[in-house]
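Here's the letter readout for the chains.
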Amino acid sequence: MDKEEYINSIKRVIISSEEIQKKLIDAGKYIDNLYDGKPILLVGILNGCFVFLADVARNVSVPCEIAFMAAKSYFGTESTGEVQITMDIDRDLSKYHVVIAEDIIDTGRTLKVIHRILKERNPVSLHVVTLLDKPSRREVNFTVDYTLFEIPDTFVVGYGLDYNDYYRNLPYIAEIG
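What you see is a predicted model, and the numbers here were worked out from it, not measured in a lab.

**Some details on the overall build of the chain**
Within the chain one finds four helices and nine strands. Each helix and strand of the chain, ordered N terminal to C terminal, gives the series α-β-α-β-α-β-β-β-α-β-β-β-β. Here the chain has a C-alpha radius of gyration of 16 Å; the compact-globule value for 177 residues is 16 Å, and the two agree. Overall, the chain is about 50 × 35 × 30 Å in size when its C-alpha atoms are taken along their principal axes. When the 177 residues of the chain are sorted by exposure, 49% land in the buried category. When contacts within the chain are restricted to residue pairs at least 6 apart in sequence, long-range pairs at least 24 apart make up 67% of them.

**Considerations on the pattern of salt bridges**
A side chain with one charge can pair with a side chain of the opposite charge if their charged atoms come near. The tally for this structure, following the rule as stated, stands at 13 salt bridges. Taking the shortest distance from any N to any O, the salt bridge between Glu175 and Lys11 comes out at 3.5 Å. Taken together, the residues Glu175 in strand E9 (residues 173-176) and Lys11 in strand E1 (residues 10-15) connect sequence positions 164 residues apart. What emerges from the salt-bridge pattern is a single network uniting Lys11, Arg12 and Glu175.

**Points about the packing of aromatic side chains**
A complete count under the given rule lists two aromatic pairs for this structure. For the ring pair Tyr30 and Tyr146, a centre distance of 4.6 Å and an interplane angle of 25° mean the geometry is stacked. Taken as a pair, Tyr30 in helix H2 (residues 17-35) and Tyr146 in strand E7 (residues 146-150) lie far apart in primary sequence, 116 residues in all. A relative accessible area of 19% places Tyr146 in the buried class. Between Phe155 and Tyr163, the ring centres sit 6.1 Å apart and the planes meet at 85°, which makes this aromatic pair edge-to-face. You can call Phe155 partly exposed: its relative accessible area is 21%. Owing to a relative accessible area of 28%, Tyr163 belongs among the partly exposed residues under this scheme.

**As for the pairing of strand E6 (residues 125-133)**
A regular strand places its side chains so that they alternate between the two faces of the sheet. Of all the nine residues making up E6, nine are buried; the element is thus mostly covered by neighbouring parts of the structure. Pairing analysis gives eight bridges linking strand E5 (residues 97-105) to E6, with the strands arranged parallel. Across the sheet, residue Ile100 finds its bridge partner in E6, namely Val128. Crossover connection from E5 via helix H4 (residues 109-119) to parallel E6: handedness right-handed. The pairing of E6 with E7 spans four bridges and is classified as parallel. The residue bridging Asp133 from the neighbouring strand is Glu150, located in E7.

**Quick word on the environment of Pro39**
As for its position among the elements, Pro39 is in the loop between H2 and strand E2 (40-46). The spatial distance from the C-alpha of Pro39 to the C-alpha of Ser61 is 9.6 Å, given a sequence separation of 22 residues. Setting aside residues up to four positions removed in sequence, Pro39 forms contacts with Pro63 and His97.

**A short note on the packing of H2 against helix H3 (residues 50-58)**
Put simply, H2 and H3 touch, their axes get as near as 8 Å, and they point 60° apart. As summarised for this structure, H2 and H3 are arranged oblique, according to the angle between their axes. As H2 runs across H3, the sense of the crossing is right-handed. Touching Gln21, Leu24 and Ile31 of H2 are Phe52, Asp55 and Val56, all from H3. Residue composition of the contact of H2 with H3, grouped by class: four nonpolar, one polar and one charged.

**Observations regarding the sheet that holds E9**
Across the sheet, which stays open at both edges, the three strands sit in the order E1-E9-E8 with antiparallel pairing between neighbours. Strand pairing shows two members of the sheet lacking a second neighbour, E1 and strand E8 (156-157), which therefore form its edges. When E8 meets E9, the two strands line up antiparallel, connected through two bridges. By the bridge assignment, Val157 is partnered in E9 with Ala174.

Criteria and thresholds
Residues numbered from 1 in each chain as written. Predicted model: local features only at pLDDT ≥ 70, side-chain atom pairs only at ≥ 80, totals over all residues. Heavy atoms only, no water. Helix = DSSP H or I, 4+ residues; strand = E, 2+ residues; numbered from the N terminus. Rg over C-alpha atoms; globule rule 2.2 N^0.38 Å. Buried < 20%, exposed > 50% of the residue type's maximum accessible area, 1.4 Å probe, protein only. Contact = heavy atoms within 4.5 Å. Salt bridge = Lys/Arg side-chain N within 4 Å of Asp/Glu carboxyl O. Phe/Tyr/Trp six-rings, centres within 6.5 Å; stacked < 30°, edge-to-face > 60°. Pairing = 2+ DSSP bridges. Right-handed = clockwise from strand over helix to strand, strands pointing away. Axes fitted to C-alpha atoms, helices over the stretch in contact; angles between N-to-C directions. Parallel < 35°, antiparallel > 145°, perpendicular 65-115°, else oblique. Left-handed = near helix turned anticlockwise from the far one by under 90°. Nonpolar A, V, L, I, M, F, W, Y, C, P; charged D, E, K, R; others polar.

So this is what it looks like as structure tokens:
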């Protein structure tokens, strides 16, 4: 993909960098109030979460550790319907208040599987904070604890989200086409 094709494929910005930063402050306050100074483990689902997780960590004041998992359920713009854990956490979660920082919840299948896996490891508590939620695409029953933005059923990139590994570096959320 050349630079011109890259830029021209962005249809429109749907959430600006400034809007994201404002909502991150609220998310940090939510987590701080939830844990009231107790240490937490922020868990990010790679690869899409890395930007969001870093900014969530910078907006909380409670002591936190960070861990990552990796899961695959997409090829291009389509969900495959199967969730495959490709990297797991190797620590005892029973000692942690765990907060999953997810970039986007679409069908909900991936997050439901990851949530179940982590819950089975008996964390002290388990909450989910997501940057984006597409409830119209939900295929499984799953409730998120805190959502920064609810979006319509459109394919988005930027701020860590990708299309075939491109666009993660955009500082905003955009629709491509």
